[in-house]
There are 2 protein chains.
Amino acid sequence: MSSRSFSTQVEAARKGVITPQMLSVAQAERRSAEFICERVASGKVVIPANINHSNLVPMGIGRELKIKINSNIGTSTLASSLELELEKLEFSIRFGADTVMDLSTGENIPEIRRGIIEKSTIPVGTVPIYELVARFGADGISEENILKVIAEQAEQGVDYMTIHSGLLAKHLPLALERKLGIVSRGGSLIARYMKRTGRENPFYTCFDRILEICQKYDVTLSLGDGLRPGCLADASDRAQFAELDELGRLVERCRKANVQAMVEGPGHVPYNEIEMNMRLEQKVCGDAPFYILGPVVADCAPGYDHITAAIGAAQGAYHGAAMLCYVTPMEHLGLPEKEDVRNGVIAFKIAAHAIDVARGIPGARDIDDAISDARAQFNWQKQFDLSLDPERAAEYRKRARGGCENNPDYCTMCGPDFCSMRINAELKKHSL
Amino acid sequence: MSSRSFSTQVEAARKGVITPQMLSVAQAERRSAEFICERVASGKVVIPANINHSNLVPMGIGRELKIKINSNIGTSTLASSLELELEKLEFSIRFGADTVMDLSTGENIPEIRRGIIEKSTIPVGTVPIYELVARFGADGISEENILKVIAEQAEQGVDYMTIHSGLLAKHLPLALERKLGIVSRGGSLIARYMKRTGRENPFYTCFDRILEICQKYDVTLSLGDGLRPGCLADASDRAQFAELDELGRLVERCRKANVQAMVEGPGHVPYNEIEMNMRLEQKVCGDAPFYILGPVVADCAPGYDHITAAIGAAQGAYHGAAMLCYVTPMEHLGLPEKEDVRNGVIAFKIAAHAIDVARGIPGARDIDDAISDARAQFNWQKQFDLSLDPERAAEYRKRARGGCENNPDYCTMCGPDFCSMRINAELKKHSL
């Protein structure tokens, strides 16, 4: 890698160099390498691939490609360990996450991250302010410490980082008018720093130096939305869009510096405002890949926010989001455990897949067609094997009472007399 | 009731009579009685309210009203009992179902139905062909038996019935071209009857006599889509739309006979075709309330079809569906149990609620605003109380590890140092 004639994928693309990473993405997406190269050059596709993440299988993120999903894992100050996090990583990959973010805020963050990067074949993202505050305390926020942490993480192999550089001091009055204020953890930490010190956001003031580090290791920046709305009442307000406007300017700076960039989006958004949010981001941020956090479309369903968010994510993806950050059933309640990760990943895999089909992504519907054929043939095992979660499908069928196990040709829903599949088979046997 | 000067709600509405049922609906919907009366007169709103369902709290279904959800319960030939069904009924009502369908196909169907109607304060629907075939066998399908079963059910107090009168002999060749043929149980039974006997669909040939029974008891007809697509590959095809066209004609016949009617819809539909399906129904069926079954937007997620379907249902409701038939995690695998009913109802309640908010239904967002306020105040108990499923929210928070119970001001997600809610409270205390 060190001998390559470019620093980042976007620099290579602009020089017309088709990298191994682009080839790999092209193959996975059933597109030509030229198509991918062109999108990377324009910034419409990013390939998060740190030069030091050695076992990475590269993937691309952009609204013309398959919709990607991200799984958040990581310790908190109150819970978890490397072992548990590696289990969550394994579940994330097994059930179809395309990237994973290590959001650890507990002990030994660098060590946990090292373990995750070593095991992860998918891109690993982080939010460096978490390590910064965990190591140096809230009062340790400074340009120096920011650059130190980012450089260390980049050297370790982090593929993309969420940096809240778009939240400026002038935005704070707008945010404090809201019902829920600032719900982004990074955003609120920076806001407090700005308020206590009277200084501008240091992630903004040292942005050029952050770009230098990203160039060196090809870290993709995920421009964080510190002012994302935290409830329906706060959605699509002045604070959110003032920051989005700034994120658009930062995208331009990233592109000038040959650094790959995507933009993070809301949050909590009423269903009817999702399309507008997607279109606005595309316009304001030069069609940089939009990486949306849900959005959840109702505030009143704690315990089920993977569903609330999957509904919003599908609508967002349909209107142009490129990557969907999963939400688990534990959202708003606590740190997700392994089973929550599974439920979150599958819910978002469903949303992403449904929209791939809806957008006519080549080959997307093949699996649905195959499973439908298996259904018509009463081939339960094949149906399970083709499922997003084979184990759960098999387990539920087993749970269905009534001795079904001995009767492969129907289920406990319909029994033998009311099974439309059986009747169809009969109808098809005889010509009409 | 017997002294009233009209037979059905629609007849009353056309005479300008505002019934107690209309008043009740008007209050629940925060609309004027005149608004409701006018919509019932035009057939855009139905109020399923059998004159013999004495403990019913009337509700209205129409795309200008709050989105309604239906929960399917009922025995199969292989499983369940009255006791279990009453538990499912209780769960359905507790978690927010607006109507319930008794789809029993097992033993003692009339007795189970009687028990359900007696206990149900929400409208009860049925699919009479199930009882017909369970009692008389598949060869017992005849006009005589159809009318007998429908009359008995109507007399018992069933508020609405799914009748597959739109599936005609001429449609069968279209259906058999499909990947999955006819997946509607009622539809497949009728198709087999037509094929075996060479006769037309008896639910079609005796439709006028069915209307007479419905008039007498004010049974609302739910015109079933026997040809709904059972997989993405079969969606929006000739068979589906040929039947829809016939359903449009049947709506007109219902309206002429002063019988309330809604129309059932797909099924399995790719996300990008949902809006078109909603618009087409409104056009073809004179804006009769569209009662959609999901739709599920991917075939490959057995075990999670409540999510697959909630995504489709939200999109359908956004584009004009009036009622959403829930799907449970057991869909395609077996008969749902109590917990499956709970998961299905909540998933669909989320979809319906999100779209009520999106469509600006008066007061719809109040609960979201209240729960967001509780969140900002660290009032966990209030947050749970306002949730769609208070028990689950409380249970998940308890499950969150780390001794959170003693620390009311943060959760295991963020801990004390990364809690944006705490930081916000601090920021708000001091003026900027």
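Residues numbered from 1 in each chain as written. Chains lettered and ligands numbered in written order. Predicted model: local features only at pLDDT ≥ 70, side-chain atom pairs only at ≥ 80, totals over all residues. Heavy atoms only, no water.

Caption draft 1: Broad picture of the overall build of chain A. When its secondary structure is counted, chain A shows 19 helices and 8 strands. The C-alpha radius of gyration computed for chain A amounts to 23 Å, which stays within 12% of the reference 22 Å derived for 432 residues, consistent with globular compactness. Along the first, second and third principal axes, the C-alpha atoms of chain A reach 80 × 50 × 40 Å. Expressed as a percentage of its 432 residues, the buried residues of chain A come to 66%. Accessible surface for chain A amounts to roughly 14,300 Å². Of this, 48% is attributable to carbon and sulfur atoms. The positive charge centre, built from 50 side chains, and the negative charge centre, built from 57, are 2 Å apart in chain A. (Helix = DSSP H or I, 4+ residues; strand = E, 2+ residues; numbered from the N terminus. Rg over C-alpha atoms; globule rule 2.2 N^0.38 Å. Buried < 20%, exposed > 50% of the residue type's maximum accessible area, 1.4 Å probe, protein only. Areas by Shrake-Rupley, 256 points an atom, 1.4 Å probe, with all protein chains shown as cover. Lys, Arg positive; Asp, Glu negative; His and termini not counted. Charge placed at Lys NZ, Arg CZ, Asp CG, Glu CD.)

Caption draft 2: Representation of the packing of aromatic side chains in the model. Tallied over the full model, the rule gives 10 aromatic pairs over all chains. Measuring from centroid to centroid gives 6.3 Å for Tyr160 of chain A and Tyr291 of chain A, while their planes differ by 80°, and the two rings are edge-to-face. Separated by 131 residues along the polypeptide, Tyr160 of chain A in strand S4 (residues 160-163) and Tyr291 of chain A in strand S7 (residues 290-293) bring together distant segments of the chain. On the basis of relative accessibility, which here comes to 0%, the residue Tyr160 of chain A falls in the buried class. The class for Tyr291 of chain A is buried, based on a relative accessible area of 1%. Seen in terms of ring centroids, Trp380 of chain B and Phe384 of chain B are 6.2 Å apart; in terms of plane orientation they differ by 50°. Their pairing is tilted. On the criterion of helical spacing, the pair formed by Trp380 of chain B and Phe384 of chain B is a turn pair, its members being 4 residues apart in helix H17 (residues 380-385). (Phe/Tyr/Trp six-rings, centres within 6.5 Å; stacked < 30°, edge-to-face > 60°.)

Caption draft 3: Spatial organisation of the domain arrangement of chain A. Residue and element names in this part refer to chain A. Entries for chain A in the domain assignment read domain 1 (9-358) and domain 2 (366-431). Each of domain 1 and domain 2 has a C-alpha centre, and the two are 39 Å apart. Scanning the region where domain 1 abuts domain 2 turns up 4 salt bridges. Between Glu391 and Arg94 there is a salt bridge; the shortest N-O distance is 3.1 Å. Connecting domain 1 to domain 2 are 5 residue pairs in polar contact (both at pLDDT 80 or more). The dominant element in the side of domain 1 that touches domain 2, judged by the number of residues it contributes, is helix H15 (residues 338-358), at 8 residues. Along the lines of polarity and charge, the residues of the side of domain 1 that touches domain 2 split into 4 nonpolar, 2 polar and 5 charged. (Domains from an automatic or database assignment. Salt bridge = Lys/Arg side-chain N within 4 Å of Asp/Glu carboxyl O. Polar contact = N/O pair within 3.5 Å; in protein donor to acceptor, adjacent residues only side chain to side chain. Nonpolar A, V, L, I, M, F, W, Y, C, P; charged D, E, K, R; others polar.)

Caption draft 4: Summary view of the relation of the copies chain B and chain A. Between chain B and chain A, which share one sequence, the superposing operator has a rotation angle of 180° and an axial displacement of 0.0 Å; the RMSD is 0.0 Å. Here the two chains are linked by the operation of a two-fold rotation axis. When C-alpha positions in chain B are compared against the rotation axis, the closest is assigned to Ile311 of chain B, at 2.4 Å. When the interface residues of chain B are mapped onto chain A, 100% of them again lie at the interface, so the same face is used by both copies. (Least-squares fit on C-alpha atoms with pLDDT ≥ 70 in both. Contact = heavy atoms within 4.5 Å.)

Caption draft 5: Layout of the nonpolar core. Formed by 240 residues in total, the largest nonpolar core has its most connected members in Leu324 of chain A together with Leu324 of chain B. Contacts of Leu324 of chain A, omitting those with residues within four sequence positions, involve Ile67, Lys68, Ile69, Asn70, Tyr291, Ile292, Ala313, Ala317, Phe348, Ala351 and Ala352 of chain A. (Core = buried A, V, L, I, M, F, W, Y, C linked by side-chain atoms within 4.5 Å.)

Caption draft 6: Highlighting the sheet that holds strand S2 (residues 99-102) of chain A. Residues and elements named next belong to chain A. With parallel pairing, 8 strands are arranged side by side around a closed barrel as S1-S2-S3-S4-S5-S6-S7-S8. On average, adjacent strands in this sheet sit at an angle of 25° to one another, irrespective of strand direction. Inspection of the sheet shows S7 paired to strand S8 (residues 323-325) by 3 bridges, in the parallel sense. In the sheet register, Ile292 faces S8, and the bridge partner there is Leu324. With respect to the sheet, helix H12 (residues 238-256) is in contact with strand S5 (220-223) and strand S6 (261-265), its orientation differing from that of S6 by roughly 165°. (Pairing = 2+ DSSP bridges. Axes fitted to C-alpha atoms, helices over the stretch in contact; angles between N-to-C directions.)

Caption draft 7: Highlighting unusual backbone geometry. Following Gly294 of chain A, the chain continues to Pro295 of chain A via a peptide bond in cis, the omega torsion being -10°. Take Pro295 of chain A: it is sitting in the loop between S7 and helix H14 (305-318). The step from Pro266 of chain B to Gly267 of chain B runs through a cis peptide bond, and the omega angle for that step is 15°. Tracing the backbone through its elements, the reader meets Gly267 of chain B in the loop between strand S6 (261-265) and helix H13 (274-284). In this structure, Asn258 of chain B is a non-glycine residue whose phi angle is positive, near 60°. Relative to the assigned elements, Asn258 of chain B resides in the loop between helix H12 (238-256) and S6. Judged by relative accessible area, which is 18%, Asn258 of chain B ranks as buried. You will see that His332 of chain B, though not glycine, has its phi angle at about 75°, which is positive. As for its position among the elements, His332 of chain B is in the loop between strand S8 (323-325) and helix H15 (338-358).

Caption draft 8: Structural view of H15 of chain A. All names here are of chain A. Taking 1.5 Å as the rise per residue, H15 with 21 residues should run 30 Å; its terminal C-alpha atoms sit 30 Å apart, in good agreement. Most of H15 is tucked away, with 18 of its 21 residues classed as buried. Just downstream of H15 lies Gly360, where phi reads positive at about 70°. (Expected span 1.5 Å × (residues − 1).)

Caption draft 9: Quick peek at the pattern of salt bridges. Going through the model one piece at a time under the given rule, you end up with 70 salt bridges over all chains. Salt-bridge contacts for Lys15 of chain A lead to Glu11 of chain A; the nearest nitrogen and oxygen are separated by 2.9 Å. We note a salt bridge from Glu131 of chain B to Arg113 of chain B, for which the minimum N-O separation is 2.8 Å. Separated by 18 residues along the polypeptide, Glu131 of chain B in helix H6 (residues 128-136) and Arg113 of chain B in helix H5 (residues 109-119) bring together distant segments of the chain. Taken individually, Glu131 of chain B and Arg113 of chain B each receive the classification buried, so the pair is uniform in this respect. Bridged by salt links that share partners, the residues Arg113, Glu131, Arg135, Lys148 and Glu152 of chain A form one connected network.

Caption draft 10: Just helix H2 (residues 20-29) of chain B, in detail. Residue and element names in this part refer to chain B. Three or more residues of H2 are buried, namely Gln21, Met22, Val25, Ala26 and Glu29. Viewed end-on, H2 has its buried residues packed into an arc of 135°, placing them on one side of the element. Counted as exposed and oriented over 90 degrees from the buried face of H2: Pro20 and Gln27. Contact partners of the buried residues in H2: helix H1 (9-14), helix H3 (33-42) and strand S1 (68-73). At the C-terminal side of H2, Arg30 shows a positive phi close to 55°. (Arc of directions from axis to C-beta.)

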